[in-house]
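A closer look at the structure
The lines below spell out each chain.
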Amino acid sequence: MDDAISKVVRSGEYINGKAVLDFSSNLAAYTGAKYVIPCANGTDALLIALMALGLQPGDEVIIPDFTYVAAAEVIALLKLMPVPVDVNPETFNIDVKKMTDALSLKTKAIVPVHLFGQCSDMAPILKIARENALHVVEDNAQSIGSVYTFPSGERRQAGTIAAAGALSFFPTKNLSCYGDGGALLTNDETLAKKMRMIASHGQSKKYFHELIGCNSRLDTLQAAILNVKLPYLDTYIHARQKVAQAYSEALEARPDLYEIPECIAVSTHVYHQYTLKVKQNKRDALQKYLKERKVPTMIYYPSPLHRQPAFRGVIRIGSDLSETEKLCKSALSLPVHPGLNEEQIHYITGLLVNYE
Ligand SMILES: *Cc1c(COP(=O)(O)O)cnc(C)c1O
């Protein structure tokens, strides 16, 4: 890592240096995407994808209600209408039935979020999109490396299933850099070209601006760091899966208190988060108990999107949101990073299994 960094420092090519190009081809090879457009962060990736779709102000974009704010935020920034829909409590991902019921004449796009490490159920989502002429952009900030299997048996990596997929390399993500970073994946040449232009001030040639764009670049330094880490991604994922398996095996002893995360048949799970549902309204007390014993946990997400003050008056509620409401009160994410050792896992499961 030190070598990779000092090489960039000595080169002086801090913007669009060789490491950025290398990273694009490395990531294309890993994901199977034909085109990779590096950008500044995952939120920008979503913004650029939506800008490239040619949507009109007031067009509706369906998103899950239980997710990080980024997708809803860029939809609203573009004067489009976010339409939050409830999620399936087993997978934490968008409820396809409720999503279908939420369609209106103004619906133009869907942004499924592959939450916590597992793909949304993309086959029915793509079918509904085809039938209704909707664009689909995957928010894949959390699930790089996860593989989805279609009913036909075809397998595709998260982020390469729909028209475009947005990735984030924020330091907590499964593939992360030493600051902000992001990328777009697509197999569509025309869309790739447009997104690349938008990320670079709408220009295909220097000082000729064909589109209104933005300035969104992956720093050469961050690309160099990602080039070092990418070959280890599968090892990291495997380590996360082992931690998750150890948790699930231990916590099965307490079905009265915990619902362990489900692994669905159509998607592999890369455990960006290991998220429990804590029963009996004990989530907050349990979190405090763990914190006092030096076990850090996180609540993803404490509030549904539709309850965030920023979105008052700028969303259309797409479905009943009761499962999201429940998850915001019961979900608790345990440490699941690849560096956890057996002793630490044992300590954590011991506390959880014996919790009163
Ligand atoms: C992290 C994240 C983003 C945003 O990525 P940034 O790189 O922080 O902009 C978007 N969506 C989801 C689901 C995320 O977890």
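The structure this text deals with has already been given above.
What comes next concerns the included structure. (Residues numbered from 1 in each chain as written. Predicted model: local features only at pLDDT ≥ 70, side-chain atom pairs only at ≥ 80, totals over all residues. Heavy atoms only, no water.)

Attention shifts here to the site of the ligand. With respect to spatial proximity, the complete set of residues near the ligand consists of Asn41, Gly42, Thr43, Tyr68, Ala70, Val113, Asp139, Ala141, Gln142, Ser168 and Lys173. A distance of 2.7 Å separates an oxygen atom of the ligand from a polar atom in the side chain of serine 168. Between lysine 173 and the ligand, the recorded distance is 2.7 Å, taken from a side-chain N or O atom to an oxygen atom. Each residue belonging to the shell around the ligand can be placed in one class, and the counts come to four nonpolar, five polar and two charged. (Near = heavy atom within 4 Å. Polar contact = N/O pair within 3.5 Å; in protein donor to acceptor, adjacent residues only side chain to side chain. Nonpolar A, V, L, I, M, F, W, Y, C, P; charged D, E, K, R; others polar.)

Time to look at the sheet that holds strand E14 (residues 331-334). The strand order across the open sheet built from three strands is E12-E13-E14, with neighbouring strands paired in antiparallel fashion. Because the sheet does not close on itself, it has two edges, and the strands there are strand E12 (258-259) and E14. Pairing between strand E13 (residues 274-278) and E14: four bridges, direction antiparallel. When the sheet's bridge partners are listed, leucine 276 is paired in E14 with leucine 332. (Pairing = 2+ DSSP bridges. Helix = DSSP H or I, 4+ residues; strand = E, 2+ residues; numbered from the N terminus.)

It is the contact of helix H1 (residues 2-11) with helix H8 (residues 220-229), at a shortest axis distance of 9 Å, that shows an interaxial angle of 155°. Considering their axes alone, H1 and H8 lie roughly antiparallel with respect to each other. You can see that H1 and H8 cross each other, and the crossing is right-handed. In this structure, H1 uses Ala4, Ile5, Val8 and Val9 to contact H8, whose residues at the interface are Thr220, Leu221, Ala224, Ile225 and Val228. Classifying every residue of the contact of H1 with H8 gives eight nonpolar, one polar and no charged. (Axes fitted to C-alpha atoms, helices over the stretch in contact; angles between N-to-C directions. Parallel < 35°, antiparallel > 145°, perpendicular 65-115°, else oblique. Left-handed = near helix turned anticlockwise from the far one by under 90°. Contact = heavy atoms within 4.5 Å.)

Within the secondary structure, asparagine 281 sits in the loop between E13 and helix H10 (283-292). Once the C-alpha coordinates of asparagine 281 and serine 330 are considered, the two residues, 49 residues apart in sequence, prove to be 6.9 Å apart.

Below, the discussion takes up the sheet that holds strand E2 (residues 60-64). If you trace the seven strands from one edge of the open sheet to the other, you get E1-E9-E8-E5-E4-E2-E3, paired in mixed fashion. Each edge of the sheet is formed by a strand with only one pairing partner; in this case those strands are strand E1 (35-39) and strand E3 (81-85). Mean inter-strand twist for the sheet, computed between neighbouring axes without regard to direction, equals 25°. The sheet contact formed by E1 and strand E9 (residues 182-186) spans five bridges and is antiparallel. What sits directly across from tyrosine 35, in E9, is threonine 186.

Okay, the state of the cysteines next. A full pass over the atoms with the stated rule returns zero disulfides. The thiol of cysteine 177 is unpaired, and the distance to the nearest cysteine sulfur, on cysteine 39, comes to 11 Å. Summary of cysteine pairing: cysteine 263 is not part of a disulfide, and the nearest cysteine sulfur, belonging to cysteine 119, is at 12 Å. (Disulfide = S-S within 2.5 Å.)

On to the pairing of strand E4 (residues 107-110), then. Pairing of E2 with E4 involves three bridges; the strand directions are parallel. Its bridge partner lying in E4, valine 61 is registered against alanine 109. Where E4 meets strand E5 (residues 135-139), two bridges bridge the pair, whose relative direction is parallel. Its bridge partner lying in E5, alanine 109 is registered against histidine 135. Handedness of the crossover joining E4 and E5 through helix H6 (residues 122-131): right-handed. (Right-handed = clockwise from strand over helix to strand, strands pointing away.)

Turning to its location among the elements, aspartate 139 is positioned in strand E5. Lysine 173 provides the closest opposite charge to the buried, unpaired aspartate 139, separated from it by 7.0 Å. Reaching out from aspartate 139, the side chain makes a polar contact with the backbone nitrogen of alanine 141 at a distance of 3.1 Å. The residues contacting aspartate 139, other than those within four sequence positions of it, are Leu46, Ala71, Val111, Pro112, Val113, His114 and Ala166. (Buried < 20%, exposed > 50% of the residue type's maximum accessible area, 1.4 Å probe, protein only. Lys, Arg positive; Asp, Glu negative; His and termini not counted. Salt bridge = Lys/Arg side-chain N within 4 Å of Asp/Glu carboxyl O.)

Now for unusual backbone geometry. With an omega dihedral of 5°, the bond running from tyrosine 300 to tyrosine 301 counts as a cis peptide bond. By the secondary structure assignment, tyrosine 301 is in the loop between H10 and helix H11 (322-330). Despite not being glycine, asparagine 16 has its phi angle at roughly 50°, a positive value. Along the chain, asparagine 16 falls in the loop between H1 and helix H2 (18-31). Here tyrosine 207, not a glycine, exhibits a phi torsion of approximately 70°, which is positive. Following the sequence through the fold, tyrosine 207 ends up in the loop between strand E10 (203-205) and strand E11 (208-209).

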